[in-house]
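Structural overview
Below, each chain spelled out in residue letters.
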Amino acid sequence: MEKRRELWIDAAKGLSIIFVVMGHSGEGMANHYLSWFRMPMFFLLSGMVFKPIAPEKYTGWAVKRTRGLMTPYVAYGLLIAAIVLLYTLNIKGFVESIARLAYGGLSLTGPYGVFWFITCLLFTQLFFGFITRFNLKVQISVITSCYLLAHLISLTSLKNFNLPWNIDVALLAITYYATGYYGKKAIPALIGLKASLPVLLSLTAAAFYLDSTGVISYSLNMKYKEYDALFLDLAIPLLVSLSICSVVFWLSKLVPLKWLGDLGRNTIAIMYLHLPINYALKFLLDTEYGLVPFTLIGVGLPLLVAIAIGRSPLLATMYLGHNGKSRPAVRYGDQAAVRAGVSAGD
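Here's a quick rundown of the structure. (Residues numbered from 1 in each chain as written. Predicted model: local features only at pLDDT ≥ 70, side-chain atom pairs only at ≥ 80, totals over all residues. Heavy atoms only, no water.)

Take a nonpolar patch on the surface next. On the surface, a nonpolar cluster with roughly 520 Å² of combined accessible area is contributed by Tyr 87, Phe 283, Leu 284 and Leu 285. Here the nonpolar patch gets three residues from one element, more than from any other, and that element is helix α13 (residues 268-285). (Patch = residues over 30% accessible without salt bridge, like charges linked within 9 Å, V, L, I, M, F, W, Y side chains within 5 Å. Areas by Shrake-Rupley, 256 points an atom, 1.4 Å probe, with all protein chains shown as cover. Salt bridge = Lys/Arg side-chain N within 4 Å of Asp/Glu carboxyl O. Helix = DSSP H or I, 4+ residues; strand = E, 2+ residues; numbered from the N terminus.)

Structure below.
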């Protein structure tokens, strides 16, 4: 069976994972501005292809969704911990790493630094999938309350409380996710207007300029709950995300972007492996390298790993969230995006 998808959505996801890798390169300026939108855009794009779940099917869907996201979480976590153990022979460190993986959230640092996103995405999807059984008014009320509560937490000492699996960050993430879901028709219509591209890019450039000149001082870090600007935390991530989506949309009409779309459908290995691979190489080579090598290595090597393990149903199930053989072929076209749940590795 063949899936029909919008190329620009997958290409935008591919660009997002490149931005994630770039942001972890150690370049402070790059990380500052990329953090404005790289995670919110993932949630936005995932929300755009979310399909509401009938209440009677919710439990089965939730179990399947949890298995699909958490199997690679456990597999990559154990793999990284085992490799470190083989090198250090530090059994105590190995046990501590397993404990941190089980608890998640702010406990995850170093090579496990991005694991928080997977559990946050899972809770966001499960929560949103549950509330879609209610009418729109209730949904909006719940999401608004979550957004306000997220900022209340960020502005108080609760910010430093490490809840398991970054559950509290899902309070903010669900806003971006819901915006994608509710805007699944409006967003393509907006970015499909030729006049929208220069307007969006101009507004985005203005936001970057105002921050660089000190007129505004904006930052966003979802993992560490650094979001204290009630209006800007919605306006800026969505503005920049829409600008990128608009650029990708029009580029997809002009140049071949299937490679970027394919990258967007295979982000899970890059998400999990770009940090440990770069950390390992820096240690083995005893050297530091900048943004460009870090990004090329962090995207390229994990992608090769994904291609290799994708040939094995067992390894694909463990590390990619699908068994390879049962994954439908994809054909890109101009129809609306496929109405199916999408994760970082979908």
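Let us look at helix α3 (residues 38-48). Summarising burial for α3: 11 of the 11 residues are buried, a large majority. Looking only at α3, the buried set comprises Arg 38, Met 39, Pro 40, Met 41, Phe 42, Phe 43, Leu 44, Leu 45, Ser 46, Gly 47 and Met 48. (Buried < 20%, exposed > 50% of the residue type's maximum accessible area, 1.4 Å probe, protein only.)

Across the interface, helix α4 (residues 58-88) lies against helix α15 (residues 313-320) with an axial gap of 6 Å and an inter-helix angle of 95°. One finds that α4 runs roughly perpendicular with respect to α15. Residue-level inspection shows Thr 71, Pro 72, Ala 75, Tyr 76 and Leu 79 of α4 in contact with α15, the latter providing Thr 317, Met 318, Tyr 319 and Leu 320. For the contact of α4 with α15, the class distribution of residues is seven nonpolar, two polar and no charged. (Axes fitted to C-alpha atoms, helices over the stretch in contact; angles between N-to-C directions. Parallel < 35°, antiparallel > 145°, perpendicular 65-115°, else oblique. Contact = heavy atoms within 4.5 Å. Nonpolar A, V, L, I, M, F, W, Y, C, P; charged D, E, K, R; others polar.)

A few words now on the pattern of salt bridges. Considering all chains together, one arrives at three salt bridges under this definition. When the shortest N-O distance is used, the salt bridge between Asp 168 and Lys 225 registers 3.0 Å. Of this pair, Asp 168 sits in the loop between α7 (136-154) and α8 (170-182) while Lys 225 sits in the loop between α10 (196-212) and α11 (232-254); the two residues are 57 residues apart in sequence, bridging distant segments of the chain. Take Lys 225: its relative accessible area is 1%, and that puts it in the buried class. Of the charged contacts in the structure, one is a salt bridge between Lys 258 and Asp 262, with a shortest N-O distance of 3.0 Å. Residue Lys 258 and its partner Asp 262 are both found in helix α12 (residues 258-264); the two are separated by four residues, about one turn of the helix.

Attention now moves to the packing of α3 against α8. Between two packed helices, both the angle of their axes relative to each other and the distance between the axes serve to describe the pair. Relative to each other, α3 and α8 sit at 40°, their axes nearing to 6 Å. As the angle between them shows, α3 and α8 are arranged oblique. α3 and α8 meet at a crossing whose hand is right-handed. Between α3 and α8, the contacting residues are Pro 40, Phe 43, Leu 44, Ser 46, Gly 47 and Met 48 on the first element and Ala 173, Tyr 176, Tyr 177, Thr 179, Gly 180 and Tyr 181 on the second. Class assignment of the residues belonging to the contact of α3 with α8 gives a composition of eight nonpolar, four polar and no charged. (Left-handed = near helix turned anticlockwise from the far one by under 90°.)

Next up on the list: the nonpolar core. Counting residues in each nonpolar core, the largest one holds 103 residues, and the members touching the most others are Trp 8, Phe 43, Tyr 76, Phe 115, Phe 117, Phe 128 and Met 222. The element that contributes the greatest number of residues to this core is helix α1 (residues 7-23), accounting for 11 residues. Non-local contacts of Met 222, meaning those with residues more than four positions away in its chain, are made with Met 39, Pro 40, Phe 43, Trp 116, Val 169, Leu 172, Ala 173, Tyr 176 and Tyr 227. (Core = buried A, V, L, I, M, F, W, Y, C linked by side-chain atoms within 4.5 Å.)

The subject of this paragraph is the side chain of Asn 162. Positionally, Asn 162 belongs in the loop between α7 and α8. A distance of 2.9 Å separates the side chain of Asn 162 from the backbone nitrogen of Leu 106, its partner in a polar contact. Ignoring any residue separated from it by four or fewer positions in sequence, one finds Asn 162 in contact with Tyr 103, Gly 104, Gly 105, Leu 106 and Ser 107. (Polar contact = N/O pair within 3.5 Å; in protein donor to acceptor, adjacent residues only side chain to side chain.)

Let us look at unusual backbone geometry. The phi dihedral of Leu 89 falls on the positive side, at around 55°, and the residue is not glycine. Of note, Leu 89 is situated in the loop between α4 and α5 (91-103). A relative accessible area of 68% places Leu 89 in the exposed class. Although it is not a glycine, Asp 286 sits at a positive phi angle of roughly 55°. The residue Asp 286 is located in the loop between α13 and α14 (291-309) in this model. Owing to a relative accessible area of 70%, Asp 286 belongs among the exposed residues under this scheme.

Per the stated rule, a full pass over the model turns up 29 aromatic pairs. Considering the side-chain rings of Phe 19 and Phe 37, the 5.4 Å spacing of their centres and the 85° angle between planes classify their relative orientation as edge-to-face. On the criterion of sequence distance, the pair formed by Phe 19 in helix α1 and Phe 37 in the loop between α2 (28-34) and α3 is long-range, its members being 18 residues apart. Pairing Phe 50 with Trp 61 gives two aromatic rings, centres 6.1 Å apart and planes at 80°, and the pair type is edge-to-face. A residue pair is termed long-range when its members are at least 10 positions apart, and Phe 50 in the loop between α3 and α4 and Trp 61 in helix α4 qualify at 11 residues. Of the two residues examined, Phe 50 and Trp 61, each falls in the buried class. Put simply, the rings of Phe 50, Tyr 58, Trp 61, Phe 128, Phe 130, Phe 134, Tyr 177, Tyr 181 and Tyr 182 pair up and form one aromatic cluster. Here Arg 133 stacks its cationic end above the ring of Tyr 58, 5.3 Å away from the centre of that ring. Directly above the aromatic system of Tyr 289 lies the positively charged group of Lys 282, at a separation of 5.3 Å from the ring centroid. (Phe/Tyr/Trp six-rings, centres within 6.5 Å; stacked < 30°, edge-to-face > 60°. Lys NZ or Arg CZ within 6 Å of the ring centre and 35° of its normal.)

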